[in-house]
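Here is what each chain is made of, one letter per residue.
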Amino acid sequence: MSFTVRNILALLADDEEQFAAILTPPPGRSRWTPDEATRRTGRQVADPVTPQERISATHTVAKDEWVAAMVTGDLLRRPAVVAQVKPEEKVRVVAALSREDDVAAAIVPDSCAVPRSSRRSRRPTR
């Protein structure tokens, strides 16, 4: 067993659990790898495999708001990604974006917009 793997498994709190892990490699493997040992301790791996590991890695990379905004913009340019977004999430995003005047103007062209004079409440005719 490598020194790296031993150090990673040393992060397990219980001594008995540590020794059991050291003596028993992961299922389907003959020995521990650093990623398998890291998974065993519940920490983020260097090479994410499962969907949840990939999501966690993406969140780690996109900690800064500007990075998250850039990644989101890039992902939304991919039709296959947009097709997988839940309808209620799409509605939430459109509602949030339409509150911004410049975005709302880009979404609703001038020809579809209601003129300002028509926005005033009119008295009902009798």
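Above this note sits the structure.
Our subject in this report is the structure included herewith. The shown structure was predicted, so the numbers you read here are calculated from the model rather than taken from an experiment.

Thresholds applied
Residues numbered from 1 in each chain as written. Predicted model: local features only at pLDDT ≥ 70, side-chain atom pairs only at ≥ 80, totals over all residues. Heavy atoms only, no water. Core = buried A, V, L, I, M, F, W, Y, C linked by side-chain atoms within 4.5 Å. Buried < 20%, exposed > 50% of the residue type's maximum accessible area, 1.4 Å probe, protein only. Helix = DSSP H or I, 4+ residues; strand = E, 2+ residues; numbered from the N terminus. Contact = heavy atoms within 4.5 Å. Salt bridge = Lys/Arg side-chain N within 4 Å of Asp/Glu carboxyl O. Arc of directions from axis to C-beta.

Some points on the nonpolar core
So, point 1. V5, I8, L9, L12, A21, I22, W32 and A37 form the largest nonpolar core, which has eight residues in total.
So, point 2. Listing elements by their share of this core, those giving two or more residues are α1 (3–9) and α2 (15–23).
So, point 3. At three residues, the largest contribution of residues to this core is made by α1.
So, point 4. Excluding residues that lie within four positions of it along the chain, L9 makes contacts with M1, Q18, A21, I22, W32, A37, R40 and T41.

Looking at the pattern of salt bridges
So, point 1. In this structure the tally under the stated criterion is six salt bridges.
So, point 2. E36 serves as the salt-bridge partner of R29, at 3.6 Å between the closest nitrogen and oxygen.
So, point 3. Assessed through its relative accessible area of 43%, R29 is described here as partly exposed.
So, point 4. Note on E36: relative accessible area 18%, which makes it buried.
So, point 5. Put simply, R39 and E53 hold a salt bridge, and the shortest N to O gap is 2.5 Å. Here R39 is found in helix α3 (residues 34–41), whereas its partner E53 is found in helix α4 (residues 51–61), with 14 residues between them in sequence.
So, point 6. On the basis of relative accessibility, which here comes to 25%, the residue R39 falls in the partly exposed class.
So, point 7. Assessed through its relative accessible area of 17%, E53 is described here as buried.
So, point 8. Linked through salt bridges whose partners overlap, the residues forming this network are R29, E36, R39 and E53.

Quick notes on α2
So, point 1. For α2, every residue scored as buried is listed here: Q18, A21 and I22. End-on view of α2: buried residues confined to an arc of 100°, all on one side of the axis. For α2, exposure combined with an orientation more than 90 degrees from the buried face picks out E16, F19 and L23.
So, point 2. Tucked into the core, α2 has its buried residues touching α1 and α3.

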